[in-house]
Amino acid sequence: MEWNAETLQFLSQCFLHTLSPQPEPRRAAESSLAEAADRPNYGLAVLRLVAEPFVDEQIRQAAAVNFKNHLKTRWVPSNDSNAGATFSPILDPEKDQIKTLIVSLMLSSSPRIQSQLSEALAVIGKHDFPKSWPTLLPELISNLQKAAQSSEYASINGILGTANSIFKKFRYQYKTNDLLLDLKYCLDNFAAPLLEIFLKTASLIDSTAAAPGGGSPATLRPLFESQRLCCRIFFSLNFQELPEFFEDHMREWMGEFRKYLTTNYPSLESSSDGLGLVDELRAAVCENISLYMEKNEEEFQSYLNEFASAVWSLLTNVSQSFSRDKLAVTAMKFLTTVSTSVHHTLFANEGVLPQICQSIVIPNMRLRDEDEELFEMNYIEFIRRDMEGSDLDTRRRIACELLKGIATNYKKQVIDIVSVQIQNLLSSFVTNPSSNWKDKDCAIYLVVSLATKKAGGTSVSTDPVDVQSFFLSVIVPELQSQDINAFPMLKAGSLKFFTMFRGLIQKPVAFQLFPDLVRFLAAESNVVHSYAASCIEKLLLVKDEGGKGRYTSADITPFVPVLMNNLFNALKFPESEENQYIMKCILRVLAVADISREIAGPCIVGLTSILNEVCKNPKNPIFNHYLFESVAILVRRACERDASLLSAFESSLFPSLRTILATEVTEFLPYAFQLLAQLVELNKPPISPSYLQIFVLLLSPESWRRSSNVPALVRLLQAFLQKAPHELNQEGRLNQVRGIFNMLVSSAGTDEQGFYVLNTVIENVDYGVLYPYMSNIWNVLFMRLQNNRTVKFQKSLVIFMSLFLVKHGAQNLMDSMNAVQANIFLVILEQFWIPNLKLIIGAIELKLTAVASTRLVCESPVLLDAAAARVWGKMLDSIVTLLSRPEENRVEEEPEMPDIAENVGYTATFVKLYNAGKKEDDPLTDVKDPKQFLVASLAKLSAVTPGRYPQIINENLEPANQTALLQLCTTYNCQIV
């Protein structure tokens, strides 16, 4: 794209139309720009448009945004084939011109355009800096020094913002030689100019703030922003290790840092945005001193006392305003770091601990208006923060971490202080419950905050209170309150306490409250009925010593009708239609309770009703998974108890499953196939015509094109092959199954699934029916073995050949293989079966392959021939390795290369339904012990030709395996003669 008046006019018009409120011109402009973006020098032309001073500011701003996005996709184009359109890369000559122009243009632009170009520059820097852009840093430094001379803070902050963006790579990245070389280059060039501008700006802030009235806010704002950027750059450059320059100049840096924590700037702080700017600088300082406390403790030690004092003094004066949260959180994190370090003695001074607990911890643990708003308006986010621990950067959580940190070294003192605080808060609540309910909530949170987790997940208190007595006196009254909708946050806190300490609450006490938990499912508050469901679900998971469930089906079955009714009704509350906590509770109850016909009927109606609704627009994958698991466990457990219920389940589920298949609800197809497999397996032959319609659909190649469906389709195909093998030999179906197998086994990503299909066919179909297809099957397997030989494929092949042998005999196995190529059986045996046998894992697989291999060495004429003595010996050596050595001593996991194209972007994925899983069938129920089978077979064989086999064993088995074989013979009282 050439830069001329015509290009300028074209681009200006396009960007103007992209701002149009009318969709037609806007879409046309976007389409024209997308087409133009593929032409060489497009990015350069857009950048030149941004530089034209006479073009309207809005057009230039739109162009700057487009330029930034253009670089994101084309500077280093992604190889992601699933990401949609592939983008042609920007060529090197164009890149060089862009890099030449962008810095000076960014610095001369208005603030809005400057911010876009700064981001664009950071995109380039991420890939090219410093090795492919050696001129960038000198250019930034030169411009920084020029701007500093004239105190042009718009340019200074533009440069510092850019430097901050490109130096972020030094944070959190793994330390490598390349990274350290890049860091050294940046330090050598930028550390001194950074300190220079930091001290110059500090001096300007001091002189401005000293003026009458505290100085002009308009003058101070860019200065504080500059210092904040300097602090963020400081963080990046110091993150990996303490650089020599910063160690030499620590006094200058720390002096200014301390000043910002201890000095007020009334003229700026009088407005909310000004206070926010000062707080951002203070928060950046707190992150820097926390970094030094964590990584450079020895060098920082002489400054620690004054910073600790400054930070807790600052915290006592930080209001509870939401806008000051970041400062409060970063400041408390610093004190937490100090409290767990060797310098924790700072907290030992008289009066320090009570002051921190009363002035910092307790105030920051109290509920605020923002918490109440979140509780009412966004219950999912509230639960994530409160129950699931995503509140890492909230005041409440950090205050809790600070308290735990101090308790690490001052447990008794903290418990004494907290115990008094808890009693004071509870006393305050008693005086006026309706007004002081937040005091009780804070008391409950304090107890929870000092709880620690034991292995296994049981919570135990660090003893600010006795859990049992606190539960009875403080929590139980809330749970037994008749008004389930009064003080919902207090109810939620009480339910959370019950859930957290469920393992410590004695069964009679907890069980007495079960009807109250069921009542709370009807609470209007989304949080309250979610917490009630979660509490019930977690209670049903509690195990006593020995791993036995504390609450049995006998305990909960009397409550089930009311419980299930309330759970299903809870899903009708606004915003709770897809409440995953409710659905998980339904799943857990169905897993524990006795599922009678009276319970099964309403449950399947309720679940299918929900399923029909979510099919219209699946939104919550966790809810949906629990929904399908609930259906699966209901069907499984109810039919185990009463097989006659199957027809009722089929009547309820079939319309929903047909809808999923007919409308191709992509997210639900794997679930639908697994449920159908479960239903097929529960049927007794002959299966009904309605299933055979699905069998026809299952055999269509179209059904198998989506990789996420394959495991579930295989599961369903296995169910059909087991229940209706005679149907295979009709209407060419076996040939269709063979085609599916060919497709699956040809890919490393699905070959295991292909073997599942093939093994099921081998297990359930007579050899006379199979015989015409065997040559083709072996051809496909040998071709794959030749072209893409993975360890996983070879193990699957050994298992398949073993299953073939035990089902249809060694002679049929050898003859069908040798029909493809003369004597190939012995080649496969020696090159693949013997080396891979020792890699087999899984109890059923190990038994199958060991028995099949034993039959080969003891019954096959080919191996019993004198000429095959060496192969016989090596086969036996591999069998003994398989049977005598622990899995970890004989198997090395092969890292499988994932098929990248199938694993990127947003796609529906296969998720296994635990409760609709396939039961593993043992094809050798007559053989109890493969070790005994081996030595008994060898003893019988050797008795026919005494003296022959001990010599072969001595020549071909490893010494360790000879010893192991002798031990097996002794154990089972068998002798090889």
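Values in this document were obtained by computation on a predicted structure and should not be read as measured data.

1. A short note on empty space enclosed by the protein
And step 1. Summed over all chains, the structure comprises two cavities of 30 Å³ or more.
And step 2. In this model, the largest cavity occupies a volume close to 120 Å³.
And step 3. Lining the largest cavity are 13 residues, and of these Asp-386, Arg-396, Asp-441, Tyr-445 and Gly-493 sit closest to its centre.
And step 4. Of all elements in the fold, only helix 19 (379–386), helix 22 (437–449) and helix 24 (488–500) reach the threshold of two or more residues within the lining of the largest cavity.

2. Notes on the packing of helix 47 (residues 930–944) against helix 49 (residues 959–971)
And step 1. At a closest axis distance of 9 Å, the pairing of helix 47 and helix 49 adopts a crossing angle of 90°. One element, helix 47, and the other, helix 49, form an angle in the roughly perpendicular class. Packed against helix 47, whose contacting residues are Lys-931, Leu-934, Val-935 and Leu-938, the element helix 49 presents Leu-965, Leu-968 and Cys-969 at the interface.
And step 2. Here the contact of helix 47 with helix 49 is built from residues that sort into six nonpolar, no polar and one charged.

3. Brief notes about the side chain of Thr-881
And step 1. Relative to the helices and strands, Thr-881 resides in helix 45 (residues 869–884).
And step 2. According to the relative accessible area criterion, Thr-881 is buried, its value standing at 6%.
And step 3. Side-chain polar atoms of Thr-881 contact the side chain of Asn-961, separated by 2.8 Å.

4. Describing the pattern of salt bridges
And step 1. This model, assessed by the stated rule, comprises 46 salt bridges.
And step 2. In this structure, Lys-538 engages Glu-537 in a salt bridge whose closest nitrogen and oxygen atoms are separated by 3.1 Å.
And step 3. Judged by its relative accessible area of 24%, Lys-538 falls in the partly exposed class.
And step 4. Relative accessible area serves as the criterion here: at 2%, Glu-537 is assigned to the buried category.

Reading guide: rules and limits
- Residues numbered from 1 in each chain as written.
- Predicted model: local features only at pLDDT ≥ 70, side-chain atom pairs only at ≥ 80, totals over all residues.
- Heavy atoms only, no water.
- 1 Å grid on protein atoms, 1.4 Å probe; cavity = no way out; pocket = protein on both sides within 12 Å on 5 of 7 lines; lining within 4 Å.
- Points joined across faces, edges and corners; volume = space filled by probe spheres on them.
- Helix = DSSP H or I, 4+ residues; strand = E, 2+ residues; numbered from the N terminus.
- Axes fitted to C-alpha atoms, helices over the stretch in contact; angles between N-to-C directions.
- Parallel < 35°, antiparallel > 145°, perpendicular 65-115°, else oblique.
- Contact = heavy atoms within 4.5 Å.
- Nonpolar A, V, L, I, M, F, W, Y, C, P; charged D, E, K, R; others polar.
- Buried < 20%, exposed > 50% of the residue type's maximum accessible area, 1.4 Å probe, protein only.
- Polar contact = N/O pair within 3.5 Å; in protein donor to acceptor, adjacent residues only side chain to side chain.
- Salt bridge = Lys/Arg side-chain N within 4 Å of Asp/Glu carboxyl O.

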